[in-house]
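Chain by chain, the residues:
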Amino acid sequence: MPTLYTVRILRPCVCNLAPRAVGDIVEQVSADDKIGLVYHNKAEVIEKIDSAIIAADKREKARASIAEPAAESAPKKQAKKAAKKATKKAAE
């Protein structure tokens, strides 16, 4: 997996396809972008990150987001059914 970097912007530039101001901290910058930014004195490296760690974090978040809606949807469905029954009884 490629290595990613966290950098601090020293001069206004474009990084990760977005304009950046002086002092911005940009996470997940690729090694190629980092080399260009540091070479032209536009950024300094703050931290080196292994992208495998980031990928593992994203997988955990995805699993959690899939599990949460499933747990929340059951009470919502029961509430909708109860509301439909109440409206049917009121109509009769």
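Scroll up to find the structure this text is about.
Anyway, here's the lowdown on the structure attached to this text. (Residues numbered from 1 in each chain as written. Predicted model: local features only at pLDDT ≥ 70, side-chain atom pairs only at ≥ 80, totals over all residues. Heavy atoms only, no water.)

**Section: the environment of leucine 4**
The condition that has to hold: Secondary structure elements are taken from DSSP: a helix is a run of H or I of four residues or more, a strand is a run of E of two residues or more, and numbering for both begins at the N terminus. A 1.4 Å probe rolled over the protein chains alone gives each residue an accessible area, and that area as a share of the maximum for its type sets the label: buried under 20%, exposed over 50%, partly exposed in between. When checking whether two residues touch, look at their non-hydrogen atoms; a contact exists if any pair is within 4.5 Å.
Summarising the element assignment, leucine 4 is placed in strand 1 (residues 3-9). Residue class for leucine 4 comes out buried when judged on its relative accessible area of 15%. Separated by 23 residues in sequence, leucine 4 and glutamate 27 place their C-alpha atoms 8.0 Å apart. Residues in contact with leucine 4, not counting those within four places in the same chain, are Gln28, Val29, Ser30, Glu47, Lys48, Ile49, Ser51 and Ile54.

**A closer look at a positive patch on the surface**
The following threshold applies: Like-charged residues within 9 Å of one another, or nonpolar side chains (Val, Leu, Ile, Met, Phe, Trp, Tyr) within 5 Å, are grouped into patches, provided each residue has over 30% relative accessible area and no salt bridge. Every accessible area reported is derived by Shrake-Rupley at a probe size of 1.4 Å, with residue values counting cover from the shown protein chains alone. Counted as salt bridges are all cases of a side-chain nitrogen of Lys or Arg within 4 Å of a carboxyl oxygen of Asp or Glu. Charged residues are defined here as Lys and Arg on the positive side and Asp and Glu on the negative side; His and the ends of the chain fall outside this count. Every charge is mapped to an atom, namely NZ of Lys, CZ of Arg, CG of Asp or CD of Glu.
A surface patch of like charges, here positive, comprises Lys76, Lys77, Lys80, Lys81, Lys84, Lys85, Lys88 and Lys89. One can find lysine 77 in helix 2 (residues 51-91).

**Brief notes about the side chain of threonine 6**
Mapped onto the elements, threonine 6 comes out in strand 1. For threonine 6, a relative accessible area of 6% corresponds to the buried category. Dropping the residues within four chain positions of it, threonine 6 is found in contact with Ile25, Val26, Glu27, Glu44, Val45, Ile46, Glu47 and Ile49.

**Here we look at the nonpolar core**
Filter applied, for reference: The definition of a nonpolar core used throughout is a set of buried Ala, Val, Leu, Ile, Met, Phe, Trp, Tyr and Cys residues joined through side-chain atoms within 4.5 Å.
Counting residues in hydrophobic clusters, the biggest one holds 9 residues: Tyr5, Val7, Ile9, Cys13, Cys15, Val26, Val29, Leu37 and Ala43. Looking at this core, the elements that each hand over two or more residues are strand 1, strand 2 (13-15) and strand 4 (25-30). Looking at which element gives the most residues to this core, the answer is strand 1, with 3 residues. The residues contacting valine 7, other than those within four sequence positions of it, are Asp24, Ile25, Val26, Val29, Lys34, Ala43, Glu44, Val45 and Ile46.

**As for the environment of serine 30**
Relative to the helices and strands, serine 30 is located in strand 4. Put simply, serine 30 and tyrosine 5 are 25 residues apart on the chain and 6.4 Å apart in space, counted from C-alpha to C-alpha. Those residues within four positions of serine 30 in sequence are excluded, and the remaining contacts are Thr3, Leu4 and Tyr5.

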